[in-house]
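Observations on the three-dimensional arrangement
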Amino acid sequence: MAHNAKGSAKRLDDEQCQQVMDMVAAHGGCSAAARAMGLGRTTVQGRHDRAVARGFEPKVQALLAGDKAAASEGHALKSILRRLNVLLHMTQ
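Criteria and thresholds
Residues numbered from 1 in each chain as written. Predicted model: local features only at pLDDT ≥ 70, side-chain atom pairs only at ≥ 80, totals over all residues. Heavy atoms only, no water. pLDDT = per-residue confidence, 0-100. Helix = DSSP H or I, 4+ residues; strand = E, 2+ residues; numbered from the N terminus. Contact = heavy atoms within 4.5 Å. Core = buried A, V, L, I, M, F, W, Y, C linked by side-chain atoms within 4.5 Å. Buried < 20%, exposed > 50% of the residue type's maximum accessible area, 1.4 Å probe, protein only. Salt bridge = Lys/Arg side-chain N within 4 Å of Asp/Glu carboxyl O.

Quick look at the confidence of the model for the protein chain now. Residues with a pLDDT of 70 or more make up 72% of the protein chain, whose mean pLDDT is 77. Element-level mean pLDDT values for the protein chain span from 52 in helix H4 (residues 60–66) up to 95 in helix H3 (residues 41–53). Long-range and interchain partners of residues 62–71, a stretch whose pLDDT sits below 50, account for ten contacts in this model, where long-range means more than four residues apart.

By size, the foremost hydrophobic cluster in this structure holds 18 residues, and its most contacted members are Val24, Val44 and Ala51. Contributions of two or more residues to this core are made by helix H1 (14–27), helix H2 (30–37), H3 and helix H5 (73–91). Contacts of Val24, omitting those with residues within four sequence positions, involve Gly29, Cys30, Ala33, Val44 and His48.

This paragraph deals with the environment of Arg50. Structurally, Arg50 can be placed in helix H3. The class of Arg50 is buried, set by a relative accessible area of 18%. Measuring from C-alpha to C-alpha, the distance between Arg50 and Arg11 comes to 9.2 Å, with 39 residues separating the pair along the chain.

Side chains that carry opposite charge are capable of pairing whenever their charged atoms lie near each other. Per the stated rule, a full pass over the model turns up one salt bridge. Asp14 serves as the salt-bridge partner of Arg54, at 2.5 Å between the closest nitrogen and oxygen. With Arg54 in the loop between H3 and H4 and Asp14 in helix H1, the pair connects residues that are 40 residues apart, well separated along the chain.

Right, dumping it as structure tokens:
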């Protein structure tokens, strides 16, 4: 669990929970998502576990279904990853 400067646990907000769910789904697992997010695997795994416990689900399928311009699943996935990367940088 993430900790603040005083050592007490820091709660993830809804946006952070959704972000980790989407990144793990888009990258196929916590290790790959951690590399893409520039975080440690255990940090992402912990965040993912807490998001799951709070009932969050990935919204990657909704992004995929809305991307009608993509000619193939590979292009659609790249588009999703670009969108998630933009969202990630907007929240930092």
